[in-house]
Amino acid sequence: MPKPIFVLNGPNLNLLGVRQPAIYGAETLADVRRRTEARARTLALDVDFRQTNSEGELVDWIQEAREKACGIILNAGAYTHTSVAILDALNAAEKPVIELHLSNVFRREAFRHHSYVSPAAHGVICGFGAKGYELAIEALADIVTSSQAGKA
Ligand code: CA2
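Predicted model only: the values in this text are computed from it and were never measured.

It is worth spelling out unusual backbone geometry at this point. Of note in the backbone geometry, Ala 44 takes a positive phi value of approximately 60° without being a glycine. Of note in this structure, Glu 94 is not a glycine but carries a positive phi near 55°. Within the secondary structure layout, Glu 94 lies in the loop between helix H4 (84–93) and strand E4 (97–101). Note on Glu 94: relative accessible area 61%, which makes it exposed.

Quick look at the sheet that holds strand E1 (residues 5–9) now. The five strands are arranged E2-E1-E3-E4-E5 in an open sheet whose pairing can be described as parallel. Two strands bound the open sheet, and with one partner strand each, they are strand E2 (47–51) and strand E5 (123–126). The average angle at which neighbouring strand axes cross in this sheet is 15°, direction not considered. Pairing of E1 with strand E3 (residues 71–75) involves five bridges; the strand directions are parallel. Each bridged residue has a counterpart across the sheet, and for Phe 6 the counterpart in E3 is Ile 72. Relative to E2, helix H2 (residues 29–42) is tilted by about 165°, and along the sheet it contacts E1 and E2.

Next up on the list: the site of the ligand. Taken together, 17 residues sit near the ligand, with Asn 75, His 81, Leu 102, Ser 103 and Arg 112 positioned nearest. One of the side-chain nitrogen or oxygen atoms of His 81 is found 2.7 Å away from an oxygen atom of the ligand. The fraction of the free accessible surface of the ligand (510 Å²) that becomes covered by protein chains is 95%. Among the residues forming the shell around the ligand, the class breakdown is eight nonpolar, seven polar and two charged.

What counts and what doesn't
Residues numbered from 1 in each chain as written. Predicted model: local features only at pLDDT ≥ 70, side-chain atom pairs only at ≥ 80, totals over all residues. Heavy atoms only, no water. Helix = DSSP H or I, 4+ residues; strand = E, 2+ residues; numbered from the N terminus. Buried < 20%, exposed > 50% of the residue type's maximum accessible area, 1.4 Å probe, protein only. Pairing = 2+ DSSP bridges. Axes fitted to C-alpha atoms, helices over the stretch in contact; angles between N-to-C directions. Contact = heavy atoms within 4.5 Å. Near = heavy atom within 4 Å. Polar contact = N/O pair within 3.5 Å; in protein donor to acceptor, adjacent residues only side chain to side chain. Areas by Shrake-Rupley, 256 points an atom, 1.4 Å probe, with all protein chains shown as cover. Nonpolar A, V, L, I, M, F, W, Y, C, P; charged D, E, K, R; others polar.

Now the structure itself:
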C-alpha cells in the first residue's frame, strides 16, 4: 500500500453539521471522515484525516506530508484566501495537491474568489458538499497511480 493521503482541514471545519447547515451541509466532520476513509478503502488507499484551527499546525502538517504522504487533499478553510505561508509550504512539499471546498466559493462573497492554495494545486473541487471529499480521493488516486506506473 502506498503512503497515506493526508486530508487536511482548516479552521472552523470542526463545526460542520453543528452550525450553518444551509451552506456546509448537515454532516459532521466525523461523518465526512468516515465517508472519505470508506472511499479510500475501495481504492486500496490509506487516509490520514486531520483538522486544526491553527495556521501554523497546517503548515507543520504540510511539511510532514513531504516525507509521510503520497499526496494532500486540503480544505484550508478561510486560510485559503489569506495564507502565503500555506502556499509556500505546499510548494515545498512537492506532492500532488487537491484543493477542496464544500461550498461553491465562486457563488459567495468576492473575497472567497481568490485562493492562495490554487497555484500549488493539481486541481480544485468545490461546491459538492461532503461528496467532494470522495471526488478528491478519486482524483488523487488517479494521480498517484499514474505516477507510480511511470516509475515501473
Ligand atoms: O466551502 C468550504 O469548504 C470553505 O473552505 C469553508 C470555509 C470558508 O472560509 C471557505 O471560504 C470555503 C469556512 C469553514 C467554516 O466551517 C464552518 C462549518 C460549520 C459552521 C460554521 C463554519
